[in-house]
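Here are the chains, one letter per residue:
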Amino acid sequence: MKQLVLQYLKLFLLLGLSGVTTEHVPKYDVLASLGTLPLDGHFSFHDLPAAARDFGNLSSFPPVAVLHPGSVADIARTVRHVFLMGEHSTLTVAARGHGHSLYGQSQAAGGIVIRMESLQSVKMQVHPGASPYVDASGGELWINVLKKTLKYGLAPKSWTDYLHLTVGGTLSNAGVSGQTFRHGPQISNVNELEIVTGRGDIITCSPEQNNDLFHAALGGLGQFGIITRARIALEPAPQMVRWIRVLYLDFVSFTEDQEMLISAEKTFDYIEGFVSINRTGILNNWRSSFNPQDPERASQFETDRKVLFCLEMTKNFNPEEADIMEQEVHALLSQLRYTPASLFHTDVTYMEFLDRVHSSEIKLRAKGLWEVPHPWLNLIVPRSTVHTFAKQVFGKILEDNNNGPILLYPVNKSRWDNRTSVVIPNEEVFYLVGFLHSAIGPHSIKRTLNLNNQIIEFSNKASIGVRQYLPNYTTEPEWKAHYGARWDAFQQRKNTYDPLAILAPGQRIFQKTPASLPL
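Residues numbered from 1 in each chain as written. Predicted model: local features only at pLDDT ≥ 70, side-chain atom pairs only at ≥ 80, totals over all residues. Heavy atoms only, no water.

Convention followed: UniProt positions are given in the numbering used here, feature names are shortened, and annotations may be inferred rather than shown by experiment.
An unreviewed UniProt entry lists the protein chain under the name cytokinin dehydrogenase, with Aegilops tauschii subsp. strangulata given as the organism. Of the protein chain, the UniProt comment under Subunit (unreviewed entry) reads exactly: "Monomer." Of the comments in the UniProt record for the protein chain, the one headed Catalytic activity (unreviewed entry) reads "N(6)-dimethylallyladenine + A + H2O = 3-methyl-2-butenal + adenine + AH2".

Quick look at the sheet that holds strand β4 (residues 112-115)
This is how the line gets drawn: Any two strands are treated as partners once DSSP identifies two or more bridges connecting them. Think of it this way: any DSSP run of H or I at least four residues long counts as a helix, any run of E at least two long counts as a strand, and we number them from the N terminus. Helix axes use the C-alpha atoms of the stretch in contact, all axes being lines fitted to C-alpha atoms, and the angles between their N-to-C directions lie in the range 0 to 180 degrees.
Across the sheet, which stays open at both edges, the four strands sit in the order β1-β2-β4-β3 with mixed pairing between neighbours. The sheet is open, and its two edges are formed by β1 (42-44) and β3 (93-96), each paired on a single side. This sheet shows a mean twist of 30° between the axes of neighbouring strands, independent of strand direction. Relative to strand β2 (residues 65-68), β1 is paired through three bridges, and the arrangement is antiparallel. Within β2, the residue paired with His42 across the bridge is His68.

What to know about empty space enclosed by the protein
Formally: Cavities and pockets were defined on a 1 Å grid built from protein atoms only: a cavity is a group of points that admits a 1.4 Å probe but offers it no way out, a pocket is an open group of points flanked by protein on both sides within 12 Å along at least five of seven lines, and a lining residue is one with an atom within 4 Å of any such point. Grid points are joined across faces, edges and corners, and a volume is the space filled by probe spheres set on the points. An automatic or database domain assignment provides the domain bounds reported here. Note that Gly is not counted as nonpolar here; it falls among the polar residues with everything else outside the nonpolar set of Ala, Val, Leu, Ile, Met, Phe, Trp, Tyr, Cys and Pro and the charged set of Asp, Glu, Lys and Arg.
Following the criterion strictly, the structure yields three cavities of 30 Å³ or more and no others. Its volume calculated, the largest cavity comes out at about 100 Å³. Lining the largest cavity are 13 residues; nearest its centre among them are Asn173, Gly219, Val422, Pro471 and His482. Both domains that meet at the lining of the largest cavity, namely domain 1 (125-236) and domain 2 (240-468), each give it at least three residues. Counted as a void, the second largest cavity has a volume near 40 Å³. Surrounding the second largest cavity, Ile187, Ser188, Trp416, Asp417, Asn418, Thr420, Val422 and Ile424 form its lining. Looking at the lining of the second largest cavity, its residues break down into four nonpolar, three polar and one charged.

Regarding the confidence of the model for the protein chain
Convention followed: As a per-residue quantity, pLDDT reports the predictor's confidence and falls between 0 and 100. In what follows, residue pairs with any heavy atoms lying within 4.5 Å of each other are defined as contacts.
Confidence in the prediction of the protein chain, expressed as mean pLDDT, is 92, and 93% of residues score 70 or more. A low-confidence stretch, residues 1-25 stays under pLDDT 50, and its non-local contacts, those more than four residues away or across chains, total 31 contacts.

Focus: the side chain of Glu140
The condition that has to hold: Accessibility here uses a 1.4 Å probe with only protein chains present; expressed as a share of the type maximum, an area under 20% marks a residue as buried, one over 50% as exposed, and anything in between as partly exposed. A positive count includes Lys and Arg, and a negative count includes Asp and Glu. His and the chain ends are not counted in either. By definition, a salt bridge exists where a carboxyl oxygen of Asp or Glu is found within 4 Å of a side-chain nitrogen of Lys or Arg.
Mapped onto the fold, Glu140 is located in the loop between β6 (133-137) and α5 (142-150). Of the buried charged residues, Glu140 lacks a salt bridge, with Lys123 as the closest side chain of opposite charge at 8.1 Å. The residues contacting Glu140, other than those within four sequence positions of it, are Met124, Val145, Leu165, Thr166 and Val167.

Considering the layout of surface pockets
By rolling a water-sized probe across the atoms, one finds the places where empty space is left. Space inside the second largest pocket adds up to approximately 490 Å³. The set of elements that each furnish at least two residues to the lining of the second largest pocket consists of β16 (377-382), α16 (442-461), β19 (467-468) and α17 (476-483). No other element matches α16, which puts five residues into the lining of the second largest pocket. Residue composition of the lining of the second largest pocket, grouped by class: 13 nonpolar, eight polar and three charged.

What about the UniProt feature "domain: FAD-binding PCMH-type" (unreviewed entry) in the protein chain?
The feature "domain: FAD-binding PCMH-type" (unreviewed entry), as given by UniProt, occupies residues 59-237 in the numbering adopted here. Measuring from the first to the last C-alpha atom of residues 59-237 gives 39 Å, for a span that is 21% helix and 26% strand.

A closer look at helix α18 (residues 487-497)
Definition in use: In this description, the arc belongs to the directions extending from the helix axis to the C-beta atoms.
Taken together, the buried positions of α18 are Trp487, Phe490, Arg493, Lys494 and Tyr497. Projected down its long axis, α18 shows its buried positions confined to an angular sector of 125°, all on one face.

A few points about the pattern of salt bridges
According to the stated counting rule, one finds 20 salt bridges in the structure shown. Across the salt bridge formed by Asp135 and Arg229, the nearest N and O atoms sit 3.2 Å from each other. Placement of Asp135 in strand β6 and of Arg229 in strand β10 (residues 225-236) is noted, with a sequence separation of 94 residues between them. Where Arg231 meets Asp135, a salt bridge forms, and the shortest distance between an N and an O atom there is 2.9 Å. Separated by 96 residues along the polypeptide, Arg231 in strand β10 and Asp135 in strand β6 bring together distant segments of the chain. Judged by its relative accessible area of 7%, Asp135 is buried.

What to know about the sheet that holds strand β11 (residues 240-248)
A sheet is described by the order of its strands in space; here nine strands give the open sequence β13-β15-β11-β14-β12-β17-β18-β16-β19, paired in antiparallel fashion. Edge positions in the sheet fall to β13 (291-292) and β19, since each of these pairs with one other strand and no more. Sheet contacts for helix α12 (residues 322-333): β11 and β14 (307-317); angle to β14, the most-contacted strand, approximately 150°. In the packing of helix α15 (residues 386-397) onto the sheet, the strands contacted are β12 (270-277), β14, β16, β17 (406-412) and β18 (429-435), and the crossing angle to β18 comes to about 20°.

Overview of the packing of helix α9 (residues 251-263) against α15
Rules: Just so you know how the angles are binned, under 35 degrees is roughly parallel, over 145 roughly antiparallel, 65 to 115 roughly perpendicular, and the rest oblique. Crossing handedness is read from the near helix: turned anticlockwise from the far helix by less than a right angle, it gives a left-handed crossing, and turned clockwise, a right-handed one.
Put simply, α9 and α15 touch, their axes get as near as 11 Å, and they point 140° apart. If you check the angle between α9 and α15, you find them oblique. In this structure, α9 crosses over α15, and the sense of that crossing is right-handed. Packed against α9, whose contacting residues are Phe251, Val252 and Thr255, the element α15 presents Val386, His387, Ala390 and Phe394 at the interface. Here the contact of α9 with α15 is built from residues that sort into five nonpolar, two polar and no charged.

Considerations on the packing of aromatic side chains
Where we set the bar: To pair, rings of Phe, Tyr and Trp, with the six-membered ring standing in for Trp, must have centres within 6.5 Å; the planes then decide the type, stacked if under 30 degrees apart, edge-to-face if over 60, and tilted in the middle. We call a charge positioned over a ring when the NZ of a Lys or the CZ of an Arg lies within 6 Å of the ring centre and within 35 degrees of the ring normal.
Tallied over the full model, the rule gives 24 aromatic pairs. Ring geometry for Tyr473 versus Trp479: centroids 5.0 Å apart, planes at 80°, classification edge-to-face. Of the two residues, Tyr473 and Trp479, neither departs from the other in class, the shared state being buried. Relative to Phe490, the ring of Tyr483 has its centre 4.2 Å away and its plane inclined at 25°; by these criteria the two rings are stacked. Residue classification places Tyr483 among the buried positions, given a relative accessible area of 4%. Under the relative-accessibility criterion, Phe490 is labelled buried at 3%. Cluster of aromatic residues (ring-pair linked, three or more members): Phe224, Tyr473, Trp479, Tyr483, Trp487, Phe490 and Phe510. In this structure, Arg356 packs its charged tip against the face of Phe353, placed 4.2 Å from the ring centre.

And the structure:
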């Protein structure tokens, strides 16, 4: 291992001295020291470009090394090694899951990227019983957690729309989808964590043990530690899902019906809304996967509205309960004010529904449209201002938008734990709004980023009270404004668990600025 490190350094220093790269080149002995660490895994240097890419495809900050950990101890030794270099070292560490960050948050310029998917020593274990749970590695994909738990007739309660993300990655943000209104985000369904702090300590934490670190890490954007294991609460899993879509022509009915559904005791199991702008023939597009309740009326549906609102819902069931499910769905739909001709539905397995975005991914990859820039903007909007927000954003700013899905659905604050690091509005109901743009070419990227800025600028001027989910700020005043009254506590936690600001530098919250650089 040491010989491999030294060979790489010769090449790296040669390139740096010849002017090929302008990245800061760490001292030879700093990187060479990595080769002295006793590891179960290994460092690599051939895959640096891959570690400098993410799903956003808008940022690229190459590290100097990639750690493929063979154990949690490898991660702890590496972080501890960097910590012991002291405040004069510029070296940082970023944990990379499946690389689905948008603006370089999982990257470490001139630092070390830890490839969490290589962490195979933490074996997934399902524990059935009265309060079932699964222990999973922080580098495990949620799709694998689902496959494993389904073998026991169980599954996690809360999901993200896309399952090919790592456990540690989503828990460092929140993890939201159409089940959030009922079960809260994924971070509300965790019983225990194992974390490697910025000091290199391995700490097990829970609501009862080391609870400050537990709550700090959940939604903490990787600032306080690297999640190496999570204990996730489970529930009995259904076999089948009735998957329903309907259209609304007005925003008021669309939002009021959603709010009614998320407050009802007997309701759907998944509820998400979508905004469609300038997308003609939307019902015809649904026909490839859904069946119209009334084919004749659906074929005659026409509207001159530029903005339409889609409500997507599911009802879980087992085959022997199909009749009961039909009755419950009919009763719920009878309370809604959607356009009758737009009712479409289909029955799929629970796995097929939860992994639905992956099916779209396969199609987009085949067309070369998956690995393109994704200048996404994800916001949390208070219920009290969502109508003002929608009128300006959907009616004016995005009047010609056609670059990707727009999500908009409400959740209940009572299902979120305010002890975690996530910042949410102080209202019982608030909306998750996601502008999931794809951009091809520099002009499209610039235009989309400009639209994002217009949305943020309007929200600030109109005092909408939005907060960014998967936040992308670049200055300390912006981060202070984001956390508001919670900033001091957030900063204090950073000083406690990662005092040298080694971890997650790509979030650009705390910069590692040495007192003096070595000569």
